[in-house]
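Summary of structural features
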Amino acid sequence: MTKRGIITVISAPSGCGKNTLIEEASKYSKNLAYVTSATTREIRVGEAEGVNYFYKTEEEFERLIEMGEILEWDSFCNCKYGTLKSQITEKIESGKDLMLDLTISGALAVKEAFPDDTVTVFLLPPSIDELKKRLMLRGRESVEQIEERVKFAVCKEIPQVYKFENVIINDNIEKACSELLAIIDAERVKYKRNKDILDELGLKGENI
Ligand code: 5GP
C-alpha cells in the first residue's frame, strides 16, 4: 500500500531564509514534489508561469475561490496568495512529500485541512538585528519597507510561534537544514503513519 506523503509547512518572517532552507532541504529529499501556488502578484525576473506561481488577475483569483479550488489563501504585501487543492491532494495520496512556504494563517489552515498529514515548522532569525541585516543585504526593499517588515515580524508574526509544532532558529543553514530533515524523519516513523507495519512484517497484532 502506498504511504501518504508528508506535508511540511514552513512559516517565517520575511528575510529568515525560508527559500534557502527549502532549496537546501530539497537536495536531500528524494521523494519531494513541487507545489505551485496561485498569486495576484506580478511575475519577477527569472520566474516562470506554472513554476514559481500561477499568476492570476484579481478576477481570476476570485473565480478560483468561488469555484472552491483554493484550499487556503492570504494577503501579503497587498497581493493574494493561495494554495490550490489540486496541487496537494493528488500528490500526497500518491505518496509524494510536499514542502510549503506559507504565511502563518496559510500554514495553520493547511494543518487544519490535513491534520494527520501535516507537520508545521516556524523558522526564527537568530536576532532581530540579524533579520534587519539580511533584509538589507537582500536589497529588495527600501529602508522604510524593511522597517515595516521588521515591525510586522516583531509585533505580528513572531508572537504566533506557539501555534507551530516545531521551531528552528536559522543561525546556520546546514544546522537548520539538518533539523528540518530530522523533523520530517521523525514524522515518517510515527505510528499513525505506519498502522500496517505488523501486516508488512507478517506479524500478528491489532491495528489501532
Ligand atoms: P513571494 O512574493 O516572495 O514569492 O512570497 C511572499 C510570501 O507569500 C511567502 O513568504 C510565502 O510565505 C507566502 N505564500 C506563497 N504562496 C502562498 C500560498 O499559497 N498561501 C499562503 N498563505 N501564503 C503563500
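Residues numbered from 1 in each chain as written. Predicted model: local features only at pLDDT ≥ 70, side-chain atom pairs only at ≥ 80, totals over all residues. Heavy atoms only, no water.

Moving on to the sheet that holds strand β6 (residues 79–84). Here we have 4 strands laid out as an open sheet, ordered β4-β3-β6-β5, and mixed in their pairing. Either end of the sheet is taken by a strand with one partner, and the two such strands are β4 (53–55) and β5 (70–76). The mean inter-strand angle of the sheet, taken between neighbouring strand axes irrespective of direction, is 25 degrees. (Pairing = 2+ DSSP bridges. Helix = DSSP H or I, 4+ residues; strand = E, 2+ residues; numbered from the N terminus. Axes fitted to C-alpha atoms, helices over the stretch in contact; angles between N-to-C directions.)

Let us look at the site of the ligand. Neighbouring residues of the ligand: 15 residues in total, closest Ser37, Arg41, Tyr53, Tyr81 and Asp101. For the ligand, an oxygen atom lies 2.5 Å from a polar atom in the side chain of tyrosine 81. Contact distances for the ligand include 2.9 Å between a nitrogen atom and a side-chain N or O atom of threonine 103. Summarising the interface, the protein chains cover 90% of the accessible area of the ligand, which totals 510 Å² for the free molecule. Looking at the shell around the ligand, the elements with two or more residues in it are β5 and β6. Within the shell around the ligand, the residues separate by chemical class into 4 nonpolar, 5 polar and 6 charged. (Near = heavy atom within 4 Å. Polar contact = N/O pair within 3.5 Å; in protein donor to acceptor, adjacent residues only side chain to side chain. Areas by Shrake-Rupley, 256 points an atom, 1.4 Å probe, with all protein chains shown as cover. Nonpolar A, V, L, I, M, F, W, Y, C, P; charged D, E, K, R; others polar.)

Ile7, Leu98, Met99, Leu100 and Leu180 are the most contacted members of the largest nonpolar core, which has 41 residues in total. At 6 residues, the largest contribution of residues to this core is made by helix α7 (residues 173–188). Setting aside residues up to four positions removed in sequence, leucine 100 forms contacts with Ile7, Thr8, Val9, Ile10, Ile22, Val35, Ile88 and Val110. Of all hydrophobic cores here, the second largest spans 5 residues; its members include Ala38, Phe61, Leu64 and Ile70. (Core = buried A, V, L, I, M, F, W, Y, C linked by side-chain atoms within 4.5 Å. Buried < 20%, exposed > 50% of the residue type's maximum accessible area, 1.4 Å probe, protein only. Contact = heavy atoms within 4.5 Å.)

Read from one edge of the open sheet, 5 strands run β2-β7-β1-β8-β9, paired in parallel fashion. Of all the strands in the sheet, the pair left with one neighbour each is β2 (32–33) and β9 (166–169). Relative to strand β7 (residues 97–101), strand β1 (residues 7–11) runs parallel, the two sharing 4 bridges. The partner of isoleucine 7 across the bridge, within β7, is leucine 98. The strands touched by helix α1 (residues 18–27) within the sheet are β1, β2, β7 and β8 (118–124), with β7 carrying the most contacts at an inclination of about 165 degrees.

The next thing to look at is the state of the cysteines. Enumeration over the complete set of coordinates arrives at 0 disulfides. Between cysteine 16, a cysteine without a disulfide, and cysteine 77, which holds the nearest cysteine sulfur, the sulfur-to-sulfur distance is 14 Å. With no disulfide of its own, cysteine 177 lies closest to cysteine 16 among cysteine sulfurs, the gap being 16 Å. Cysteine 177 gets classed as buried once you look at its relative accessible area, which sits at 3%. (Disulfide = S-S within 2.5 Å.)

Moving on: the side chain of serine 26. One can find serine 26 in helix α1. Given the relative accessible area of 14%, serine 26 is considered buried. Among the polar contacts listed, one links the side chain of serine 26 to the backbone oxygen of isoleucine 22, at a separation of 2.5 Å. In contact with serine 26, not counting residues within four places along its chain, are Leu32 and Tyr34.

Turning our attention to the pattern of salt bridges. Side chains that carry opposite charge are capable of pairing whenever their charged atoms lie near each other. One pass over the full model with this rule turns up 20 salt bridges. Of the charged contacts in the structure, one is a salt bridge between glutamate 47 and arginine 41, with a shortest N-O distance of 2.8 Å. Glutamate 58 is the partner of lysine 80 in a salt bridge, and the nearest nitrogen-oxygen pair spans 2.6 Å. In this pair, lysine 80 is assigned in strand β6 and glutamate 58 in helix α2 (residues 58–66), connecting sequence segments 22 residues apart. (Salt bridge = Lys/Arg side-chain N within 4 Å of Asp/Glu carboxyl O.)

So, on to a nonpolar patch on the surface. Taken together, the side chains of Tyr191, Ile197, Leu201, Leu203 and Ile208 present a nonpolar region at the surface, about 520 Å² in accessible area. For isoleucine 197, the position within the fold is in helix α8 (residues 197–201). (Patch = residues over 30% accessible without salt bridge, like charges linked within 9 Å, V, L, I, M, F, W, Y side chains within 5 Å.)

It is worth stressing that arrangement in space is one thing and function is another; only the former is reported here.
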